[in-house]
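Each chain, letter by letter, is given below.
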Amino acid sequence: MKSMRAAFLVLMAMVLAVPAMAADTVGLVDDSKAHWSLRAENGNSTTIGYGNPGDVPFMGDWDCNGTDTPGLYRRSDGFVYMRNSITTGVADITFLFGNPNDLPLVGDFDGDGCDTVSIYRPSEARFYIINELGKDGGGLGAAEYSFEYGNPGDVVIVGDWDNDDVDTPGLRRDSNGFVYLRNSNTTGIADISYFYGDAGDLPVAGDWNWDGTDTVGLYRPQNSTFYLRNSLSTGIADQSFSMPLAGTRPVSGSFGLKLPALPPPLALQTIVSGLDRPVFVAAPQGDPRLFVVEQTGDIELIVAGVRQTTPFLDLGVTFSSERGLLGLAFHPDYGSNGKFYINYTIGSKTRISEFNVSGNPNLADLSSERILLEITQPFSNHNGGMLAFDANGYLLIGLGDGGGAGDPGDRAENPFNLLGKILRIDIDSQAGGKQYAVPPSNPFAAGGGAPEVYQLGLRNPWRFAVDAGHLYVGDVGQDRREEVTVLPGSTPGANFGWNTWEGSLCFEGPCVTNGFVFPQVEYSHPSGCSVTGGMVYRGNDLPGLAGTYFYGDFCGGWIKSFRYENSVVGSHRNHDSDLGAVPLLSSFGYDGFGEIYVTGLQGGVVKKIVTGP
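Residues numbered from 1 in each chain as written. Predicted model: local features only at pLDDT ≥ 70, side-chain atom pairs only at ≥ 80, totals over all residues. Heavy atoms only, no water.

A. Highlighting the overall build of the protein chain. Tallying secondary structure elements over the protein chain gives two helices and 48 strands in all. In terms of overall size, the protein chain behaves like a compact globule, its C-alpha atoms giving a radius of gyration of 28 Å where 613 residues would be expected to give roughly 25 Å. Counting only C-alpha atoms and orienting by the principal axes, one finds that the protein chain spans roughly 90 × 50 × 40 Å. Looking at the protein chain as a whole, 59% of its 613 residues qualify as buried. Sequence separation of 24 or more characterises 52% of the internal contacts of the protein chain that already satisfy a separation of 6 or more. Looking at the protein chain as shown, the accessible area adds up to about 22400 Å², and 52% of this sits on carbon and sulfur atoms. Across the protein chain, the 39 positively charged side chains and the 69 negatively charged ones have centroids separated by 6 Å. (Helix = DSSP H or I, 4+ residues; strand = E, 2+ residues; numbered from the N terminus. Rg over C-alpha atoms; globule rule 2.2 N^0.38 Å. Buried < 20%, exposed > 50% of the residue type's maximum accessible area, 1.4 Å probe, protein only. Contact = heavy atoms within 4.5 Å. Areas by Shrake-Rupley, 256 points an atom, 1.4 Å probe, with all protein chains shown as cover. Lys, Arg positive; Asp, Glu negative; His and termini not counted. Charge placed at Lys NZ, Arg CZ, Asp CG, Glu CD.)

Have a look at this one:
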């Protein structure tokens, strides 16, 4: 482990220019996915995708505008790739760079206000300083000057330690925890030395308090915490904060990010309890009432926090195991047409039906049922249950693989079988002798599979969400993996891989990767046992949470969140400390204003995510 840590630390040569316009801050790069999470001064962060796993990341001001943007060194081909904006995309600048074992250093080494990339050669403990960037597609020129400093294996940093606008070398020696800094780009002993941090800490440098002088900070992987000091001396951190991200390398700079403030601490407010197996919450847009789906067959109506004595809908269903009344969606034009849709089991079949509200707005018309679709279920589990409308007004229907361990009928991968799929139908039209029409953009509308199939290769997509044209799917795993996948934009025909893959693990080979989509978020069963897919926050009560996706686990009861932005899943948060656990967490849902609710089978509760105390 010691040798692995040392090798990892050598890769952490992170450098800063000192912009004059804002204090520096920090970020993390997930080495396994090449995802960058960069923190704004107000504590919020944004995530981008850039580079490949194994690239050496750094930040610098390449166009001399006072803002640091990403760069990386790809050791496999010896090229530097730089971007001039903090966005997902391809490089704006590329050039050949150094030798295979060299490491990049970034700084303004001549005081001209622009950062350049230089070289540190660990085998020689030698710096090679270059005051210009390589020509696009060409090679980096010879060093203006070079010098030795430190010992092989030291972790190198660069900064302006004496406020003279010129960046000079520093290093941290993990064996003794000492920082050694020079105020000139020459061979010599340290001008400043002091003890800071613990073994295994990873150094970064920056002007954290905007006084013109760079100081050293540390990232401690053991507890995912940054420790930043405002003076070049032994002591405790002036500021510290957690910023967890798996497989990380720290970076720092002046990112110029203008992000909303972090949301306040959250809490769960109990709206109602004592319900009979609540499994979903929904409401028409702009409607102040809550409609709570009970698996046993009722849709309960909650008005101003009070459960009404008469259910909105009292339906006879087949209830057992994972069967019952499972899903509800209101027509996008419910306010004018009064139509809503439910997903329930009757006997051994899943039934998708349309109903109308009666003349009493608090009571559905039970006689108005129009059966759209029935699908035979071979087992009582993996019945799916989710309904939602997409951006085009088509109804999405979630169906599990029909049950039985390991999908014994290979239904999920069979495009002609409706099980193990997300279906998409047009409920406002009828064609082909059916109670609905098939959207022409469905992947098998013209043949090659069942025309209703929209996505395939799913085990049990109990809950999914549509937001900003993207589809967030929580697919319940078998024995090893639970998964959440975000499909960007319109992706008809996406294959989630079951039962060839269980998450990113091979389940039933041959496990090739071509033709499948893989989850951005997954976890193993010691952390939970059944993912409860969630919702994306679009309400008004919790500033700073817009675009945040909340999900949880049925067995663990925990709640976590992330944001999908810049084509990347990031800003992961664990809500154990503020939201706690919801025993037997069955679902997430919306009210008519985009606020998010959680349902739990234990105690029959509906809780709302609100601002904490």
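Back to the text.
B. Structural view of the pattern of salt bridges. For the coordinates displayed, the defined rule picks out 26 salt bridges. Salt-bridge contacts for Glu354 lead to Lys339; the nearest nitrogen and oxygen are separated by 3.6 Å. Here the residue Glu354 occupies a position in strand β30 (residues 349–357), and Lys339 occupies one in strand β29 (residues 339–346), the gap between them amounting to 15 residues. One salt-bridge network, in which partners are shared between bridges, spans Lys349, Arg351, Glu369 and Glu374. (Salt bridge = Lys/Arg side-chain N within 4 Å of Asp/Glu carboxyl O.)

C. Fine view of empty space enclosed by the protein. Applying the stated rule across the entire model yields one cavity of 30 Å³ or more. Here the largest cavity defines a volume of roughly 60 Å³. As for the largest cavity, its lining consists of 14 residues, of which Val29, Ala34, Asn52, Asp55 and Pro57 are closest to the centre. Taken together, the residues of the lining of the largest cavity break down into seven nonpolar, three polar and four charged. (1 Å grid on protein atoms, 1.4 Å probe; cavity = no way out; pocket = protein on both sides within 12 Å on 5 of 7 lines; lining within 4 Å. Points joined across faces, edges and corners; volume = space filled by probe spheres on them. Nonpolar A, V, L, I, M, F, W, Y, C, P; charged D, E, K, R; others polar.)

D. Spotlight on the pairing of strand β6 (residues 69–74). In terms of burial, β6 is largely enclosed, as six of its six residues are buried. A two-sided burial pattern is seen for β6, the buried positions comprising Thr69, Gly71 and Tyr73 on one face and Pro70, Leu72 and Arg74 on the other. Strand direction decides the pairing type here: strand β5 (residues 56–60) and β6, joined by five bridges, are antiparallel. Pairing of Pro57 across the sheet is with Leu72, part of β6. Between β6 and strand β7 (residues 79–82), which pair antiparallel one after the other, the connecting turn spans four residues, and Gly78 there sits at a positive phi close to 75°. (Pairing = 2+ DSSP bridges.)

E. Representation of the pairing of strand β31 (residues 364–376) in the model. Relative to β31, β30 runs antiparallel, the two being bridged by eight bridges. By the bridge assignment for β31, Glu354 is matched with Arg370. Between β30 and β31, which follow one another and run antiparallel, lie six residues.

F. Spotlight on the sheet that holds β5. Judged by pairing direction, the sheet is antiparallel, and its four strands sit side by side in the order β5-β6-β7-β8 without closing on themselves. The open sheet is flanked by β5 and β8 (93–96), the only strands paired with a single partner. Neighbour-to-neighbour, the strand axes of this sheet turn through a mean angle of 20°, independent of strand direction. Pairing geometry for β7 and β8, over four bridges, is antiparallel. Counted as the bridge partner of Phe79 is Leu96 from β8. (Axes fitted to C-alpha atoms, helices over the stretch in contact; angles between N-to-C directions.)

G. Focus on the packing of aromatic side chains. All chains considered together, the criterion is met by 26 aromatic pairs. With a centroid separation of 5.9 Å and 85° between ring planes, the pair formed by Tyr551 and Trp558 is classed as edge-to-face. Note on Tyr551: relative accessible area 4%, which makes it buried. Every member of this aromatic cluster is reached through a ring pair, and the members are Phe291, Phe312, Phe330, Tyr334, Phe340 and Phe355. (Phe/Tyr/Trp six-rings, centres within 6.5 Å; stacked < 30°, edge-to-face > 60°.)

H. Examining the sheet that holds β29 more closely. One open sheet holds the four strands; their spatial order is β28-β29-β30-β31, and the pairing between them is antiparallel. For this open sheet the edge positions go to β28 (325–330) and β31, each flanked by a neighbour on one side alone. Taken pair by pair, the neighbouring strands of this sheet meet at an average axis angle of 20°, ignoring direction.

I. Molecular detail of the environment of Val26. Considering the arrangement of structural elements, one finds Val26 in strand β2 (residues 25–30). Through-space distance from the C-alpha of Val26 to that of Glu41 is 9.1 Å; in sequence the pair is 15 residues apart. With residues up to four places along the chain from it excluded, the contact list for Val26 reads Leu38, Arg39, Val204, Trp208, Phe226, Leu228, Phe241, Met243, Val251, Ser252 and Phe255.

J. Expanded view of unusual backbone geometry. For the bond running from Trp498 to Asn499, omega is 10°, close enough to zero to count as cis. Tracing the chain through its elements places Asn499 in the loop between β38 (481–487) and β39 (501–502). Of note, the amide linkage connecting Gly509 to Pro510 takes the cis form, showing an omega dihedral of 5°. Here Pro510 shows up in the loop between β40 (505–506) and β41 (521–524). Residue Asp165 is not a glycine yet carries a positive backbone phi of 70°. Tracing the backbone shows Asp165 in the loop between β13 (155–159) and β14 (168–173).

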